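A closer look at the structure
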Amino acid sequence: MIDFTTINYLKTGNQKQKRAYEILTKYRIFEKLKDFSPLLAGTIPIEIDTEESDLDIICEVDLRFKEDFLDELMFSKLIPFDGDVKVSYPILNGEKCITLSFILEDFPMKFRTK
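Below is a summary of the structure that appears in this document.

What counts, and where the lines are drawn
- Residues numbered from 1 in each chain as written.
- Predicted model: local features only at pLDDT ≥ 70, side-chain atom pairs only at ≥ 80, totals over all residues.
- Heavy atoms only, no water.
- Core = buried A, V, L, I, M, F, W, Y, C linked by side-chain atoms within 4.5 Å.
- Buried < 20%, exposed > 50% of the residue type's maximum accessible area, 1.4 Å probe, protein only.
- Helix = DSSP H or I, 4+ residues; strand = E, 2+ residues; numbered from the N terminus.
- Pairing = 2+ DSSP bridges.
- Salt bridge = Lys/Arg side-chain N within 4 Å of Asp/Glu carboxyl O.

Here we look at the nonpolar core
One recurring pattern in soluble globular proteins is that nonpolar side chains are buried together. Leu24, Ile29, Leu40, Ile57 and Phe111 are the most contacted members of the largest nonpolar core, which has 27 residues in total. For this core, the secondary-structure elements that each account for two or more residues are helix H1 (15-26), helix H2 (29-32), strand S2 (55-59), helix H3 (66-75), strand S6 (99-104) and strand S7 (107-113). It is H1 that contributes the most residues to this core, four residues altogether.

Here is the structure:
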């Protein structure tokens, strides 16, 4: 059974999974986000990705401190964004969240809070 709580399984996956692992480890994304309990979700981990699939990373954030989360990601240079960062505040399953979308190297990334 695959342990989805780490990203180690990506090392031996398909080409997109291997590229995802390369980027996530190169920039130490999960290490840098450890205070937010990051988890890779979406189509890439379960090998049903398409050409347009992005890396969906879910983070646990107390939204009373959402500015701290945004400051940590956007202004501390924690993540080296390539170009524009889109921030939105959707309501998913009746709960407010924050979504950040951007490109890291050639990979679309999406960070969501839960």
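Still more to cover.
Quick look at the pairing of S7
Along any regular strand the residues' side chains alternate between the sheet's two faces. Judged by how many residues are buried, S7 sits mostly within the fold: five of seven residues are covered. With five bridges joining them, S2 and S7 adopt parallel strand pairing. By the bridge assignment, Ile57 is partnered in S7 with Phe111. Hairpin connection of S6 to S7: two residues between the antiparallel strands, including Glu105 at a positive phi of 55°.

Considering the pattern of salt bridges
Once their charged atoms are close, side chains differing in charge can pair, the charge on each being opposite to the other. Under the counting rule described, the total for this entry stands at seven salt bridges. With a shortest N-O distance of 2.5 Å, Lys26 and Glu105 are connected by a salt bridge. Taken as a pair, Lys26 in helix H1 and Glu105 in the loop between S6 and S7 lie far apart in primary sequence, 79 residues in all. Looking at Lys26, the relative accessible area reads 52%, which means it is exposed. Using a relative accessible area of 24% as the deciding quantity, one classes Glu105 as partly exposed. Note that Glu31 is salt-bridged to Arg28, the shortest N-O span being 3.3 Å.

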